[in-house]
Structures are given as C-alpha cells and as structure tokens.
Amino acid sequence: MTTPRDVLPIALVGLGRMGRAIETLASDRGCEVVARLGPDEMDSLSTAALNGARVAIEFTRPEAALTNARTLLALGCPVVVGTTGWTKQLAELEEAVRVNGTAALWAPNFSIGVQLFLDIAEEAARRLREVSGFDAHVVETHHTAKKDAPSGTAIAIADRLAAGLGHPVPISSVRVGSVPGTHEIILDAPFEQIRLVHEARDRRVFADGALTAARWLAQRHQQQQQAPALYSMRDVLRTPSSS
C-alpha cells in the first residue's frame, strides 16, 4: 500500500479527456493531483500555483505544448508532454531543457503495448529487408475530435519501418466515431499478407503510461545522476527501477 510520503504530487496541464483520465487513475498509481492548470493559469504561472508539484503532465493542443513546457521548465518543474502534432519543434524543447537544467519527457503514445509494437515494427522491417515482394503500409484510426493526422504514433511506427526497410512507408489516417486509437501495419505480397494491429480499448491506457512516465521522470530529476535531457518512453522501459 502506498504511504503518504510515497505519494507523488503532480500538476495537470490541460483539463480535457486525457486530464480527467489521469486524475481518475492518479491515486491508484501513487500520485496526487495538487494543481490543475488551464490556459489562464499557464499565462501567469508561478511556483506557488504549482502547489508543490514535483512533475507536471501536459496534454493540451499542438500550438500550446511547447510554450507550456518552456514555462514549466523555467520554473524548475520537470514535464511529461503527451500532446502530439508538434514534433517539428522537438529540437526547441530539447534546447529549453538544456537552458533551464530541468528534464522533460515526450512520447507520441504512452501505452506500454505501443512501445512493444514499435519494437516489433523495427524487427519486422529488419527481417523484411532480407526478402523481396512485400510492401509496407501503416493505417491509423482515431476519434473524430483528434486534431493531428497522421497521429504521432503512426509517424513513429512508419519511421521505425522506414529505418529497417531503407525507404519511406506511407500512412493512411481514418477519423471516425470515438475510437481511442488503432494502429495497423500491413505487409502485403502478391499471394499473402501479414497484418499487425495494436488496438487501445480505453484511453486510460495512455493515462496509466503517462503516470508511469511522471514517476520515472520525477525520480530521475531528484537523483540528478546526469545532465537533464529530453527523454522518451524507451528510456522509461529500459530502466529497471521504472517498475
């Protein structure tokens, strides 16, 4: 059972569906939401408004993500960024980490299963390069409210495939209904086809992973074993203590 001194105080930046999902799971994962920050609060954020949060989790909009992260880093608060659709600015986030000396973690998807799926994609591409006749394609399906297309996860999958195959892999995006997130790799040959699918059944899978990432980042920041960096879920899963 988690004791009070083990509870991780966190700040939520973004009070939408993901923010609500994170708050619902927080206490079960040894975390306590001590600050809830919307756009108005972020415009004039202070250390006092963080209310003792040791790490922040940001799920907002692509146009706000970098500014929010910079604001938190400047206050010395490590931040887990879950917003997608702004990856062209990742170098700027990395620079903000360096300038402020505070760590950040970004991932296009916090599902543990997706992290395994990415590794499977990389291995599949490596093996396919040794044979001929197969074409690769990524198909991603999300709810109609998702702003970015293709999804950050689909881009990551296609990048892993492309690295192994040695050529770009196309992505098709579908926006329909309330689908939390489905990603499919199609490997097609003239007389056969391989289909690899990851399906998120509930957005709580992303909230759970974000909380895991937050605990890992807060611990890494506290230990200060090395210079602050921009981390990913790969770093979390490859650290034995993350469990």
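This report concerns the structure included in the present document. (Residues numbered from 1 in each chain as written. Predicted model: local features only at pLDDT ≥ 70, side-chain atom pairs only at ≥ 80, totals over all residues. Heavy atoms only, no water.)

Some remarks on the side chain of H198
Then, in step 1: Note that H198 resides in strand β9 (residues 192-200).
Then, in step 2: Take H198: its relative accessible area is 15%, and that puts it in the buried class.
Then, in step 3: In contact with H198, other than residues within four places in its own chain, are S111, G113, V114, F117, G181, T182 and H183. (Helix = DSSP H or I, 4+ residues; strand = E, 2+ residues; numbered from the N terminus. Buried < 20%, exposed > 50% of the residue type's maximum accessible area, 1.4 Å probe, protein only. Contact = heavy atoms within 4.5 Å.)

A look at the layout of surface pockets
Then, in step 1: Volume-wise, the largest pocket comes out at about 890 Å³.
Then, in step 2: M18, F59, T60, R61 and T83 are, among the 40 residues lining the largest pocket, the residues nearest its centre.
Then, in step 3: No other element matches helix α4 (residues 62-74), which puts six residues into the lining of the largest pocket. (1 Å grid on protein atoms, 1.4 Å probe; cavity = no way out; pocket = protein on both sides within 12 Å on 5 of 7 lines; lining within 4 Å. Points joined across faces, edges and corners; volume = space filled by probe spheres on them.)

Structural notes on the environment of E192
Then, in step 1: By the secondary structure assignment, E192 is in strand β9.
Then, in step 2: Along the primary structure E192 and P150 are separated by 42 residues, whereas in three dimensions their C-alpha atoms are 26 Å apart.
Then, in step 3: Apart from residues lying up to four places away in sequence, E192 is in contact with F134 and L187.

Description of the packing of helix α6 (residues 112-128) against helix α7 (residues 152-165)
Then, in step 1: Where α6 meets α7, the axes come as close as 7 Å, and the angle between the chain directions of the two elements is 25°. As judged from the angle between their axes, α6 and α7 are roughly parallel. When you trace α6 past α7, the crossing you get is right-handed. The residues of α7 that touch α6, namely those facing V114, F117, L118, D119, A121, E122, A125, R126 and L128, are T153, A156, I157, R160, L161, G164 and L165.
Then, in step 2: Class assignment for the residues of the contact of α6 with α7 results in ten nonpolar, two polar and four charged. (Axes fitted to C-alpha atoms, helices over the stretch in contact; angles between N-to-C directions. Parallel < 35°, antiparallel > 145°, perpendicular 65-115°, else oblique. Left-handed = near helix turned anticlockwise from the far one by under 90°. Nonpolar A, V, L, I, M, F, W, Y, C, P; charged D, E, K, R; others polar.)

Let's talk about the pattern of salt bridges
Then, in step 1: Within this structure, the stated rule accounts for 16 salt bridges.
Then, in step 2: Note that R234 is salt-bridged to E122, the shortest N-O span being 2.8 Å. On the criterion of sequence distance, the pair formed by R234 in helix α9 (residues 233-237) and E122 in helix α6 is long-range, its members being 112 residues apart.
Then, in step 3: The partly exposed category is assigned to R234, whose relative accessible area is 28%.
Then, in step 4: The class of E122 is partly exposed, set by a relative accessible area of 34%.
Then, in step 5: One salt bridge connects R195 with E184, and the closest N-O pair in it is separated by 2.6 Å. Of this pair, R195 sits in strand β9 while E184 sits in strand β8 (residues 181-189), and the two are eleven residues apart along the sequence. (Salt bridge = Lys/Arg side-chain N within 4 Å of Asp/Glu carboxyl O.)

With respect to the sheet that holds strand β2 (residues 31-37)
Then, in step 1: The parallel open sheet is built from six strands, whose spatial order is β2-β1-β3-β4-β5-β10. A strand with exactly one partner marks an edge of an open sheet, and here the two such strands are β2 and β10 (230-231).
Then, in step 2: As judged from the four bridges shared by strand β1 (residues 8-13) and strand β3 (residues 55-58), these two strands associate in the parallel manner. Opposite I10, over in β3, you have V55 as the bridge partner.
Then, in step 3: Helix α8 (residues 204-223) contacts β1, β2, β3, β4 (79-81), β5 (104-106) and β10 of the sheet and is inclined by roughly 145° relative to β3. (Pairing = 2+ DSSP bridges.)

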